[in-house]
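# Breakdown of the fold
Below are the chains, spelled out letter by letter.
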Amino acid sequence: MTIFRYDKSFPGLLTCLFDAYLFKDFPEQLLETDTPLPLFCDHNYTIVTDEQKEKRVWNHIKAKLSNTAIKQTTLCWLSELPEIDLLLFRYFRKIIDSPINIETNLADPDILKISEICKKVSREGHRLIQFARFQKCADNTYFAPLEPLYNTIPLTISHFRDRFADQKFLIYDTKRQYGYYYDLETVTEVTFTNQKDNIINGILKKEITDEDETKYQKLWQTYFKSIVIKERINPKKQKQDMPVRYWKYLTEIE
Amino acid sequence: MMIASVFEKLKILAEAAKYDVSCSSSGTVRSNTKGGLGNTVGGIGVCHSFAADGRCISLLKIMLTNNCIYDCAYCINRRSNDRPRATFSVTELVDLTIEFYRRNYIEGLFLSSGVVRNPDYTMERLVKVAKDLRTIHRFNGYIHLKSIPGASSELIHEAGLYADRLSVNIEIPNEKSLQRLAPEKNFKSIFQPMQYIRQHALESMEERKSYRSAPRFAPAGQSTQMIVGATPENDKDILQLSSSLYAKPTMRRVYYSGYISVNTYDKRLPALKQPPLVRENRLYQADWLMRFYHFKVNEIVDDSNPNLDLGIDPKLAWALRHPEMFPIDINTAAYEMILRIPGVGVKSAMIICSSRRFSHLGYYELKRIGVVMKKAKYFITCKELPMQTINELTPLGVRNQLVQTRKKVEDGQLELNFNS
């Protein structure tokens, strides 16, 4: 079995591709640089990320794929699934080896898998746009905590930036412990030093909340209850379209 | 009775508006303007929440007032009902919309109203809300306005300049039934505003060909709604009416609303324990067939089958009536034919057409692509040897197989299959 060890970054993965073609030896496993090797392994290589190699591979792939497919690979990378790098490796290899563009050949299991993962990730991105709930802070910043399944907050920033161009906002991933802050001009990546001190169960502490905030939250909860048609109650459908894992940060669910 | 608190008003007026099923925020793509608030994303729109009845909450669906001079039998807000009544002021409503929007609760506003004094007076106030949102608050989110039957062409024109979508509800799909239940309304008062909307939209499109900066008129077109099960009309009447509506420009959606007995005392209406949810669902499926699957209305319902089959979906029903069209070869048939295979949706059909250029597709590829093979296997041939199709099993046989498997799952019991 051939094993490549690299730094688990996207440029690193592209360097692996370059070196695999150089060695004419393709890995069955991709591991992080410092992980111990498994018992049975014929060849192992440690790959050092190289900007020039990475660029050459990426330019070659970009020439062979459509923009949509390029975007799909980025989305797949954001899924952070285990072994996603190996899948992408196989995918890129198929793309490189094929004389024609095969990105729409969904009868191929790897290509289909890529498109499925990409669908899941972009749906998660869309769900953040649906279910992010902002709370107004005393300093007029709107704050939205989230806990997405995949690392999809970066996908939503351009949307929120356009939509809420005239309000300061902070979108924060409480699981991955980072977020983006928009100060009416630029968006910057931020990290809380004391997450627990500011938010409890997704609700901002009273001292830093705007005075009208509770009123609008109550109004929204009132609306959410009043809009239900009792004759049609259907909690299964509700949970299907709005999975329970999002409920933690939803204002309307008390 | 006048009610002061915004909480009370919101409660009453949301409850008054909830029977309108239209919810979508699709059809317009508009980026934010400088110094403005909001955008619309187009595509399928954004649903921000889902209520306990499973319906999506995309827009703040609300009435300006639930006072009404009309006495329509099917409506909860009819004047003879003794219900708490409330009226929002324009500023209250604008404030609610903006504050909800800023917290990402909603995609925009869907404003309707009971008719007070006369149609023009009511329409004018609806337009005022939209105008304030767009001009004073520079709101670029979605606005859906109801056009009041009987409102003047000028007011509808002004409404369309601010709103993304306008709608007039037909409610009852037959003029005689409508007159019986809503003596103050007739088909003319409903179709007239629809025609105004169409006319203004077409004019605006023409104008925009010459001047790019000419204002857009209701870019997301118009929609309407019909109540199902309150009157004796069959599915053929309903679907033929929808089909003729879709044939005209600007009509984007027809909604079907299973009748809920809100005014049980009124003997002109049937007393239903449960709204006809299955029938409503079948009507939506038929609607989808007309809009996305290239079906004509008379292929779905005709004189010998005036009602949709409640046991199976309308596409399967069509396929069972037309065994001569099958089996369809997945690897060579045209896209339009692939769309007609039960168990194949628009997405799978597109994937099939793009993938089969690389290699022939077989049973397992189709399954992975997302085709519902349980249904589709009776209607196709693919790379492998043909299985028992509709021609060998007869339509009735296929129907029994499909209905049976569904039943089996429901009662969770094993059954011996004596047919095979």
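Everything numeric in this text was worked out from a predicted model, so none of it was measured. (Residues numbered from 1 in each chain as written. Chains lettered and ligands numbered in written order. Predicted model: local features only at pLDDT ≥ 70, side-chain atom pairs only at ≥ 80, totals over all residues.)

## Considerations on unusual backbone geometry
Our working rule: A run of H or I in DSSP becomes a helix once it reaches four residues, and a run of E becomes a strand once it reaches two; helices and strands are each numbered from the N terminus.
Here the residue pair Phe326(B) and Pro327(B) is connected by a cis peptide bond, since its omega of -5 degrees sits within 30 degrees of zero. Inspection of the secondary structure puts Pro327(B) in the loop between α10 (314–321) and β11 (328–329). A positive phi is found at Lys24(A), a non-glycine position, where the angle reads about 55 degrees. The residue Lys24(A) is located in the loop between α1 (10–23) and β2 (29–32) in this model. A positive phi angle, near 60 degrees, is found at Arg117(B), a position not held by glycine.

## Re the sheet that holds strand β6 (residues 108–112) of chain B
Residue and element names in this part refer to chain B. Heads up, the condition is: Here, strands pair whenever DSSP counts at least two bridges between them. Between the N-to-C directions of two axes lies an angle of 0 to 180 degrees, each axis being a line fitted to C-alpha atoms and, for a helix, fitted only over the stretch in contact.
Strand order in the open sheet formed by six strands is β5-β6-β7-β8-β9-β10, with parallel pairing between adjacent strands. One side of each edge strand has no neighbouring strand; the edge strands of this open sheet are β5 (59–63) and β10 (251–258). The mean angle between the axes of side-by-side strands here comes to 20 degrees, regardless of whether they run parallel or antiparallel. Where strand β8 (residues 165–167) and strand β9 (residues 222–228) come together, two bridges link them in parallel fashion.

## A few points about the interface of chain B and chain A
Keep this limit in mind: A pair of residues counts as a contact when their C-beta atoms, built from backbone coordinates, are separated by no more than 7 Å. Note on residue categories: nonpolar means Ala, Val, Leu, Ile, Met, Phe, Trp, Tyr, Cys or Pro, charged means Asp, Glu, Lys or Arg, and polar means any other residue, Gly included.
Listed by partner, the interface residues are 44 residues for chain B and 38 residues for chain A. When residues of the side of chain B that touches chain A are assigned to their parent elements, the largest contribution, six residues, is made by helix α1 (residues 6–17) of chain B. For the side of chain B that touches chain A, the class distribution of residues is 21 nonpolar, 13 polar and 10 charged.

## Quick notes on the domain arrangement of chain B
Selection criterion: Start and end positions for the domains come from either an automated domain assignment or a database one.
For chain B, the assigned domains are domain 1 (6–272) and domain 2 (316–411). When each unit is reduced to the centre of its C-alpha atoms, the spacing between domain 1 of chain B and domain 2 of chain B is 40 Å.

## Focus: the environment of Asn331(B)
Residues and elements named next belong to chain B. Note the threshold: We call a residue exposed when 12 or fewer other C-beta atoms sit within 10 Å of its C-beta, buried when the count reaches 20 or more, and partly exposed for counts in between; the C-beta positions come from the backbone.
Note on placement: Asn331 falls in the loop between β11 and α11 (335–339). The exposure class of Asn331 is partly exposed, given the 15 C-beta atoms found within 10 Å. When the C-alpha atoms of Asn331 and Cys353 are compared, they prove to be 8.1 Å apart, with 22 residues separating the residues in sequence. Setting aside anything within four residues of it in sequence, one finds Asn331 in contact with Arg356, His360, Leu361, Cys382 and Lys383.

## Here we look at the nonpolar core
Put simply, the test is: Nonpolar cores are built from buried Ala, Val, Leu, Ile, Met, Phe, Trp, Tyr and Cys residues. These are joined into a set through C-beta atoms within 7 Å.
In this structure, Leu13(B), Leu126(B), Ala130(B), Ala159(B) and Phe379(B) are the most contacted members of the largest nonpolar core, which totals 164 residues. A per-element tally of this core places helix α5 (residues 109–131) of chain A first, with seven residues. Residues within four places of Leu126(B) in sequence aside, it is in contact with Leu64(B), Leu111(B), Ser113(B), Leu145(B), Lys146(B) and Ala159(B).

## Some words on helix α7 (residues 235–247) of chain B
Residue and element names in this part refer to chain B. Defined as follows: By definition here, a helix of n residues has an expected span of 1.5 Å times n minus one. Along the arc lie the directions from the helix axis toward the C-beta atoms.
Under the 1.5 Å per step criterion, the end-to-end length of α7 is 18 Å for 13 residues, consistent within 8% with the ideal 18 Å. Along α7, the positions that sit buried rather than exposed are Asp235, Ile238, Leu239, Ser242, Ser243 and Leu245. Considered in projection along α7, the buried side chains sweep an arc of 160 degrees and stay on one side of the axis. For α7, the exposed residues lying more than 90 degrees away from the buried face are Ser244 and Ala247.

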